[in-house]
Amino acid sequence: MRHDPLTLSVQERVEQLNKRYAHHGATAVLERALGDPQVGRIGLVSSFGAESVVLLHMISVMDRNTPVVFIDTQMLFAETLEYQLELTERLNLTNVQTIRAAETAVAKVDPDGTLHQRDTDACCALRKTQPLQEALSGFDAWITGRKRFQAGSRATLDFFENEDNIRIKVNPLAHWAPEDLQEYMDNNRLPRHPLVAKGYPSIGCAPCTSPVAPGEDPRSGRWRGQDKVECGIHFVNGKMVRGPLPVDTLETAAKGAAAQGEQI
């Protein structure tokens, strides 16, 4: 009887994949991950941010029908929304899926749009983490653009990660340096996010993103002045890096959304 590779635990598959692809480059890791049985059903989650065009271009060359999940928090820069449309058309991406928090959830938890001023963790949970977890429920793995150089919390990043024993996270660009990204974009004549030239090397939601000075950590402009380094869609050392949204609030909102056929 043929063995199903997905019957192995997430941790077992991650260990085997990291061993198998340890000496491969980014493009080889991505291309093979798209078809590796141990990876399973896979999609790319993209913020269409400062460096997103690299993976989006690679995907467009390898398989432009690969699902691309874009989280519209409804607090993004106008430039990001314009850039998303530009890249989708230019790269001929045929399966971009835009997700948002359910209107009922936002109305209940953040009716006046000021939650980010009181509790950035709860805002990220409402507008990013929960919608993404719902969207990823049909996937065995997802591709991220995270890299070791971006922050101390990412310094030991591997190509493949175990996301809380739920699914695999694939980081093809984990070992790339800033000059690798620049060279790839230059060689392929790829358009940059318009805010990069204004001092934004890492771009999130408009209220929580500020320009970065020369010599600063590229992500220092995200949640500046707060003890916060991740939005919550990523796990570090097996733990989600954010404070949780109150369970009763989230569950109530989710039930309301389900009743109306919405996605939270």
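The structure contained in this document is the topic of the report that follows. (Residues numbered from 1 in each chain as written. Predicted model: local features only at pLDDT ≥ 70, side-chain atom pairs only at ≥ 80, totals over all residues. Heavy atoms only, no water.)

**Brief notes about the overall build of the chain**
- Looking only at helices and strands, the chain features 9 helices and 8 strands.
- Taking all 264 residues of the chain together, 51% fall into the buried category.
- Intrachain contacts of the chain at a sequence separation of at least 6 include 69% that bridge at least 24 residues.
- Here the chain displays about 12,600 Å² of accessible surface, and carbon together with sulfur accounts for 48% of that area. (Helix = DSSP H or I, 4+ residues; strand = E, 2+ residues; numbered from the N terminus. Buried < 20%, exposed > 50% of the residue type's maximum accessible area, 1.4 Å probe, protein only. Contact = heavy atoms within 4.5 Å. Areas by Shrake-Rupley, 256 points an atom, 1.4 Å probe, with all protein chains shown as cover.)

**Let's talk about the nonpolar core**
- Core analysis: the largest hydrophobic core is formed by 50 residues, its most contacted members being Phe 160 and Val 170.
- A per-element tally of this core places helix H3 (residues 52–63) first, with 6 residues.
- Not counting chain neighbours up to four residues away, the residues in contact with Phe 160 comprise Val 14, Leu 17, Asn 18, Tyr 21, Val 29, Ala 33, Val 39, Ile 168, Lys 169 and Val 170.
- Val 45, Ala 135, Leu 136 and Trp 142 belong to the second largest nonpolar core, which has 9 residues in total. (Core = buried A, V, L, I, M, F, W, Y, C linked by side-chain atoms within 4.5 Å.)

**Here we look at the pairing of strand S3 (residues 96–99)**
- When strand S2 (residues 68–71) meets S3, the two strands line up parallel, connected through 4 bridges. Within S3, the residue paired with Val 69 across the bridge is Gln 97.
- In this fold, S2 hands off to helix H4 (residues 78–90), which returns the chain to S3; that crossover is right-handed. (Pairing = 2+ DSSP bridges. Right-handed = clockwise from strand over helix to strand, strands pointing away.)

**Considerations on the side chain of Thr 144**
- Counting through the fold element by element, Thr 144 comes out in the loop between strand S4 (141–143) and strand S5 (160–163).
- A polar contact is formed between the side chain of Thr 144 and the side chain of Asn 171, at a distance of 2.6 Å. (Polar contact = N/O pair within 3.5 Å; in protein donor to acceptor, adjacent residues only side chain to side chain.)

**A word on the sheet that holds S5**
- One open sheet accounts for 6 strands, arranged S3-S2-S1-S4-S6-S5; its pairing is mixed. Here the strands that pair on one side only, and so sit at the sheet edges, are S3 and S5. On average, adjacent strands in this sheet sit at an angle of 30 degrees to one another, irrespective of strand direction.
- Two strands pair when backbone bridges link them, and S5 and strand S6 (residues 167–170) are joined in this way by 4 bridges, in the antiparallel orientation. Paired with Glu 161 across the strands is Lys 169, a residue of S6.
- Sitting on the sheet, helix H1 (residues 10–20) is in contact with S5 and S6, with an inclination near 170 degrees to S5.
- Helix-sheet contacts for helix H7 (residues 120–135) involve strand S1 (42–45), S2, S3, S4, S5 and S6, and the interaxial angle to S2 is about 155 degrees. (Axes fitted to C-alpha atoms, helices over the stretch in contact; angles between N-to-C directions.)

**Concerning unusual backbone geometry**
- The residue Gln 74 is not glycine, and still its phi comes out positive at about 65 degrees.
- Summarising the element assignment, Gln 74 is placed in the loop between S2 and H4.
- One non-glycine residue, Asp 164, adopts positive backbone phi at about 55 degrees.
- Mapped onto the secondary structure, Asp 164 falls in the loop between S5 and S6.
- We classify Asp 164 as partly exposed; its relative accessible area is 39%.

**A look at the environment of Met 75**
- In this fold, Met 75 is placed in the loop between S2 and H4.
- C-alpha of Met 75 to C-alpha of Cys 208: the two residues are 133 residues apart in sequence and 9.3 Å apart in space.
- Apart from the residues within four sequence positions on either side, Met 75 is in contact with Asp 110, Gly 113, His 116, Cys 123, Arg 127, Cys 205, Ala 206 and Pro 207.

**Quick look at the pattern of salt bridges**
- Applying the stated criterion to the full structure yields 7 salt bridges.
- For Glu 163, the salt bridge goes to Arg 167, with nearest N and O atoms at 3.0 Å. In this pair, the class of Glu 163 matches that of Arg 167, namely buried. (Salt bridge = Lys/Arg side-chain N within 4 Å of Asp/Glu carboxyl O.)

**Quick look at the pairing of S1**
- Alternating positions in S1 separate into two faces, Ile 42 and Leu 44 on one and Gly 43 and Val 45 on the other, with burial throughout.
- Pairing of S1 with S4, which is carried by 3 bridges, proceeds in the parallel orientation. Residue Ile 42 lies in a different strand from S4, and its bridge partner there is Ala 141.
- Note that S1 and S2 share 2 bridges and pair parallel. If you follow Leu 44 over to S2, its bridge partner there is Val 68.
- In this fold, the crossover linking S1 to S2 by way of H3 has right-handed handedness.

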